[in-house]
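# Working through the structure, step by step
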Amino acid sequence: MSQRNCSKDGPTSSTNPEVTHDPCNYHSHAGAREHRGGDQNSPNYLFCGLFGDPHLRTFKDHFQTCKVEGAWPLIDNNHLSVQVTNVPVVPGSSATATNKITIIFKAHRECTDQKVYQAVTDDLPAAFVDGSTSGGDGDTKSLRIVERESGRYVEMHARYIGTTVFVRQLGRYLTLAIRMPEDLAMSYEESQDLQLCVNGCPLSERIDDGQGQVSAILGHTLPRTSLVQAWPGYTLETANAQCHEKMPVKDIYFQSCVFDLLTTGDANFTAAAHSALEDVEALHPRKERWHIFPSSSRGTPRGGSHVSLSLGLTCLILIVFF
């Protein structure tokens, strides 16, 4: 100040500058609310994912394996609707997988008109159904689609609601991963309570133990002959080996991979489980929750864990087929 001959009585910059407000940028107006309220915490984000046979990870980090054949809503709130359609994978089994995804980004004041995205097996477009690839005015679009791999992997970024959606096709089936702010994900009417991402699958549609463990019913025993082969092409040992190549951590994603190989014989489900875990690492806000381990395995002696997994998976496969 002395060198520049500045007056000590002159104006100075505010220690609390006004936060610029962009109504079509969730991070901007969420930051403005926090600034006004004195809350320095960033918005809380939730993650939901669906892949494989199908396996569901809810906003509450509950992991479930479900039947849910037909059309089911994953999300249905005031800002976003996501519906999936699941079809049987193999004859005589209750195992299903996703072959259609419909996403509706609802109209939001000056930010975007309603946009609908639809993907089906072998048709994963890089555009909304109206042919557009973005929503909103100006150079910085409030909603846009980014194609990462032609016909195989697209991302949707909705700045105005702070939401990111990944859609992939692996083999004949689709996978989905979503990150959304908690306050928006939970803004829905009482009549919109059927949302798999919020409340999980109905009990009648679950084929696990209700705690997300595909190695369910661990206390049951089966004849040794039942362990030999569940589906042509894979034994428990070969399924374990193939899944372990992609997923060295034997968490619930690894178990889902083994389960899907044994129930379908389709090697593409290995890639689906691996990609689902990659999507968790890209979108889930809390690193310590990326991996989920079956609760019953806590305290299980190391020597008994493989036997328990073998028996549990075999029991569950029999449930699927019978």
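Residues numbered from 1 in each chain as written. Predicted model: local features only at pLDDT ≥ 70, side-chain atom pairs only at ≥ 80, totals over all residues. Heavy atoms only, no water.

In the annotation of an unreviewed UniProt entry, the protein chain is listed under the name RGM domain family member B and assigned to Ceratotherium simum simum.

## Quick look at the overall build of the protein chain
Along its length, the protein chain carries seven helices and twelve strands. Here the protein chain holds 322 residues, and the buried ones make up 50% of them. Restricting to contacts in the protein chain with at least 6 residues of sequence separation, those with at least 24 account for 58%. When the accessible surface of the protein chain is split by element, carbon and sulfur atoms take 49% of a total near 15800 Å². (Helix = DSSP H or I, 4+ residues; strand = E, 2+ residues; numbered from the N terminus. Buried < 20%, exposed > 50% of the residue type's maximum accessible area, 1.4 Å probe, protein only. Contact = heavy atoms within 4.5 Å. Areas by Shrake-Rupley, 256 points an atom, 1.4 Å probe, with all protein chains shown as cover.)

## Comments concerning the pattern of salt bridges
For side chains bearing opposite charge, pairing can occur when the charged atoms are close. In this structure the tally under the stated criterion is eight salt bridges. Ionic pairing is found between Asp122 and Arg172, a salt bridge with its closest N-O pair at 2.5 Å. Taken together, the positions of Asp122 in the loop between β7 (115-120) and β8 (134-135) and Arg172 in the loop between β11 (163-170) and β12 (173-181) put the pair 50 residues apart, joining distant regions of the chain. Taking relative accessible area as the criterion, Arg172 reaches 47% and is therefore assigned partly exposed. Where salt bridges share partners, they join Arg57, Asp61 and Arg289 into one cluster. (Salt bridge = Lys/Arg side-chain N within 4 Å of Asp/Glu carboxyl O.)

## Examining the environment of Phe59
Its place among the elements puts Phe59 in the loop between β2 (55-57) and β3 (63-65). The class of Phe59 is buried, set by a relative accessible area of 5%. Residues Phe59 and Arg179, 120 residues apart in the sequence, show an inter-C-alpha distance of 9.0 Å. When sequence neighbours within four positions are dropped, the list of residues in contact with Phe59 reads Leu46, Phe47, Cys48, Ile75, Ala185, Met186, Cys197 and Val198.

## Overview of the nonpolar core
Ranked by internal contacts, the top residues of the largest apolar core, which has 43 residues, are Leu74, Ile103, Phe105, Tyr117, Met156, Val167 and Leu176. Once you skip the residues sitting within four places of it in the chain, Ile103 turns out to touch Leu80, Ser81, Val82, Lys115, Val116, Tyr117, Met156, Val165, Val167 and Leu176. One finds Ile252, Phe254, Leu262 and Val280 within the second-largest nonpolar core, a separate group that totals 25 residues. (Core = buried A, V, L, I, M, F, W, Y, C linked by side-chain atoms within 4.5 Å.)

## Brief notes about the pairing of strand β6 (residues 96-105)
Successive residues of a regular strand alternate their side chains across the two faces of the sheet. Across the ten residues that make up β6, a large majority, seven, are buried. Bridge count for β6 against β7 is six bridges, and the pairing is antiparallel. Residue pairing across strands places Lys100 opposite Val120, the latter belonging to β7. (Pairing = 2+ DSSP bridges.)

## What to know about the sheet that holds strand β10 (residues 153-158)
The strand order β3-β2-β1-β12-β11-β10-β9-β8 describes an open sheet built from eight strands, whose pairing is antiparallel. Of all the strands in the sheet, the pair left with one neighbour each is β3 and β8. Relative to β11, β10 runs antiparallel, the two sharing six bridges. For Met156, the partnering residue across the bridge sits in β11 and is Val165. Contacts from helix α6 (residues 268-283) reach β1 (45-51), β2, β11 and β12 within the one sheet, and its direction differs from that of β11 by about 165°. (Axes fitted to C-alpha atoms, helices over the stretch in contact; angles between N-to-C directions.)

## A word on α6
Its 16 residues give α6 an end-to-end C-alpha distance of 22 Å, which sits within 8% of 22 Å, the value for a rise of 1.5 Å per residue. Of the positions making up α6, those classed as buried are Phe269, Thr270, Ala272, Ala273, Ser275, Ala276, Leu277, Asp279, Val280 and Leu283. (Expected span 1.5 Å × (residues − 1).)

## Structural notes on the sheet that holds strand β4 (residues 70-76)
Spatially, the four strands line up as an open sheet ordered β4-β5-β6-β7, and their pairing is antiparallel. For this open sheet the edge positions go to β4 and β7, each flanked by a neighbour on one side alone. Pairwise comparison of adjacent strand axes, ignoring direction, gives a mean angle of 20° for this sheet.

## Observations concerning the packing of helix α4 (residues 236-246) against helix α5 (residues 252-264)
Contact pair α4 / α5: the axes reach a minimum separation of 9 Å and the direction vectors enclose 135°. As the angle between them shows, α4 and α5 are arranged oblique. Considering the relative orientation of α4 and α5, their crossing is right-handed. Note on element contacts: α5 touches α4 through Phe254, Cys257, Val258, Leu261 and Leu262, opposite Leu236, Ala239, Asn240, Gln242, Cys243 and His244. For the contact of α4 with α5, a count of residues per class yields eight nonpolar, three polar and no charged. (Parallel < 35°, antiparallel > 145°, perpendicular 65-115°, else oblique. Left-handed = near helix turned anticlockwise from the far one by under 90°. Nonpolar A, V, L, I, M, F, W, Y, C, P; charged D, E, K, R; others polar.)

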